[in-house]
Amino acid sequence: MARSLRTAAAALVALGLLTACSSGGSSGDSAKKTVITFWDNNAGPARTPLYQHLIDEFEKAHPEIEVKYVGVTSSEVAEKYNTAIASGSTPDVGGVTTALLASLTAQKALVPLDERLAGSPLNGKLSAAMLETAKAAAGGKGLYQLPSSGNQDVIWYRADKFKEAGIEVPKTWDELFAAAARLTDKSKNQYGFTIRGGAGSGFQVLAEAFAYSGVTEVFDASGKSTVDDPRNVELIAKIAAQYKNTTPEADVSNAYPQMLAQFQANQVMMVHHNLGSTKDVRSALGDKVAGMLLPAGPGGTATLANPVDGFGVFKNSKHQDAAWTFLEFLDSHASNSYWNENAGQIPANTEAYADDWYVKSGITKQAGDALNSGKLVQPPVYLPQYSKITKTEAEPNFQKVLLGKMTPAEFAKSVADALTKAQADYRAKNG
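First, a word on scope: everything that follows refers to the structure included in this document. Only a predicted model underlies this, so the values are computations on that prediction, with no experimental measurement involved.

1. Let's talk about the overall build of the protein chain
Looking only at helices and strands, one finds 18 helices and 11 strands in the protein chain. In terms of overall size, the protein chain behaves like a compact globule, its C-alpha atoms giving a radius of gyration of 23 Å where 431 residues would be expected to give roughly 22 Å. Along the first, second and third principal axes, the C-alpha atoms of the protein chain reach 75 × 55 × 35 Å. When burial is assessed residue by residue, the protein chain has 52% of its 431 residues classed as buried. Counting contacts in the protein chain only where the partners sit at least 6 residues apart, residues at least 24 apart contribute 74% of the total. Surface summary for the protein chain: the accessible area is close to 18,600 Å², and the carbon and sulfur share equals 53%. Counting 41 positive and 44 negative side-chain charges, the protein chain places the averaged centre of each group 2 Å from the other.

In structure tokens, the structure reads:
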């Protein structure tokens, strides 16, 4: 019946009997439709076809709305959004990760979505953890991003090599380091583990530290950062001790592409990344590779929240109702499940958790369970200095730790002191 109604509606449009808000003064079918522009914040051969399919399905279900897709690469999106905001030429809808959310909300570019979600069929069907991350990324001032996909840190490991060596999947960090030692054979240029010493190392080592320490807040009640908690420092020291012992020497400057290349070339047996590399490792190694969550430490474990992907409605949009209708469609059960199954991510729509692909997805479901477990550590991405602290400052300092030019305690304290100051500044300005 629903298909018949949609077909009838489409026929009415073709006959010119169905009217809708016009996006301009042009004649023809487009003048009878509301036209909205959608910017994909991470366009590419993997994602663009997924959106093209979903847009086609949306326009069949909503013939009164036309969606114009614009693909923007992840490396360009921040600059393009800033330029569009400054010139008043933002899209109606845009893909927005929580890593970008603070900047966009600071510029008052997005509209709050709290009331729309409360009155939507989606209410109560989206991951509470992802909604929490979205709100935290905006400084706790409301919901400015509708989450669509979650991502979590995982360690990819060579299941075939583990089986050959008779090694069980590590459940603790100490077991992981012991496995790395057993799998290291420098005479064969084979190493049990790899450390991210180049770009992206700041967030990764913090994720490892909190997983080990079990500390669940980046700031204590007084606003002091917990990064230099002794348990975090202990893990950072254990990681640094692996360098050149169970890891390649090149790790000091390696970012993810180099780490993945080593993993695929049989040079390293374990690599820490996230679900975003699922297709890469599966395509390269098939069933020789498997994934595990970051192990626990003596005090349990905690999960440092990865950026959540989603969508925002821009304040300059003249078609906010149509934009929201599009977002509701993208986050509906069928659409959100389709997207995340093909992207290898965790669905935001919890109805998808019962879908066959997700139930059988292995590490994706495990990561989703961890994400929704309630022991989620929210990184303070709302701080204007957050990126500078965790990238510009932390990454070269972590290299110093690996090279023995800075102690793990000094490294952790430098990050903690910078975050504590940034938090105090933020509170002073925002209350």
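2. Points about the pattern of salt bridges
Scanning the entire structure with this criterion turns up 15 salt bridges. A salt bridge links Lys365 to Asp369, with the nearest nitrogen and oxygen atoms 3.1 Å apart. Highlighted residues: Lys365 and Asp369, both in helix H16 (residues 363-371), separated by four residues, approximately one helical turn. Assessed through its relative accessible area of 26%, Lys365 is described here as partly exposed. In this structure, Glu395 and Lys391 form a salt bridge, with 3.1 Å as the shortest nitrogen-oxygen distance. Of the two residues, Glu395 and Lys391 are both situated in helix H17 (residues 386-402); the distance of four residues between them amounts to about one turn of the helix. A cluster of three or more residues bridged by salt bridges with shared partners is formed by Asp40, Arg47 and Asp309.

3. Things to note about the packing of aromatic side chains
How two aromatic rings sit relative to each other is given by the distance of their centres and the angle of their planes. Counted by the stated rule, this structure contains 17 aromatic pairs. With a centroid separation of 6.3 Å and an interplanar angle of 40°, the aromatic rings of Tyr51 and Tyr69 are classed as tilted. A residue pair is termed long-range when its members are at least 10 positions apart, and Tyr51 in helix H2 (residues 48-61) and Tyr69 in strand S2 (residues 65-71) qualify at 18 residues. Measuring from ring centre to ring centre gives 5.5 Å for Trp357 and Tyr358, while their planes differ by 80°; the resulting arrangement is edge-to-face. For the residue pair Trp357 and Tyr358, the accessibility class agrees, reading buried in each case.

4. Notes on the sheet that holds S2
One open sheet holds the six strands; their spatial order is S2-S1-S3-S9-S4-S10, and the pairing between them is mixed. Each edge of the sheet is formed by a strand with only one pairing partner; in this case those strands are S2 and strand S10 (346-347). In terms of strand pairing, strand S4 (residues 146-150) meets strand S9 (residues 309-313) through three bridges, oriented antiparallel. If you follow Pro147 over to S9, its bridge partner there is Gly310. Packed on one face of the sheet, helix H6 (residues 128-137) meets S4 and S10 and runs near 120° to S4.

5. Examining the nonpolar core
Residues Trp173, Met270, Phe398, Phe411 and Leu419 are the most contacted members of the largest nonpolar core, which totals 71 residues. When neighbours within four sequence positions are excluded, Met270 is seen to be in contact with Ile155, Trp156, Tyr157, Phe162, Leu176, Ala179, Ala180, Gly192, Phe193, Thr194, Phe263 and Met292. Among the nonpolar cores identified, the runner-up in size contains 29 residues, and Tyr51, Leu117, Leu146 and Trp339 belong to it.

6. With respect to unusual backbone geometry
Backbone geometry places Lys244, a non-glycine residue, at a positive phi of 70°. Relative to the elements of secondary structure, Lys244 occurs in the loop between helix H10 (230-242) and helix H11 (256-264). Lys244 gets classed as partly exposed once you look at its relative accessible area, which sits at 40%. In this structure, Asn266 is a non-glycine residue whose phi angle is positive, near 65°. Considering the arrangement of structural elements, one finds Asn266 in the loop between H11 and strand S6 (270-274).

7. Focus on the pairing of strand S5 (residues 153-158)
Counting buried positions along S5 gives six out of six residues, so the element sits mostly inside the fold. Bridge analysis of S5 against S6 gives five bridges, and the strand direction is antiparallel. Each residue of the ladder has a partner; that of Ile155, found in S6, is His272. With five bridges connecting them, S5 and strand S7 (residues 289-293) associate as antiparallel partners. What sits directly across from Val154, in S7, is Leu293.

Each value, and the rule that gives it
Residues numbered from 1 in each chain as written. Predicted model: local features only at pLDDT ≥ 70, side-chain atom pairs only at ≥ 80, totals over all residues. Heavy atoms only, no water. Helix = DSSP H or I, 4+ residues; strand = E, 2+ residues; numbered from the N terminus. Rg over C-alpha atoms; globule rule 2.2 N^0.38 Å. Buried < 20%, exposed > 50% of the residue type's maximum accessible area, 1.4 Å probe, protein only. Contact = heavy atoms within 4.5 Å. Areas by Shrake-Rupley, 256 points an atom, 1.4 Å probe, with all protein chains shown as cover. Lys, Arg positive; Asp, Glu negative; His and termini not counted. Charge placed at Lys NZ, Arg CZ, Asp CG, Glu CD. Salt bridge = Lys/Arg side-chain N within 4 Å of Asp/Glu carboxyl O. Phe/Tyr/Trp six-rings, centres within 6.5 Å; stacked < 30°, edge-to-face > 60°. Pairing = 2+ DSSP bridges. Axes fitted to C-alpha atoms, helices over the stretch in contact; angles between N-to-C directions. Core = buried A, V, L, I, M, F, W, Y, C linked by side-chain atoms within 4.5 Å.

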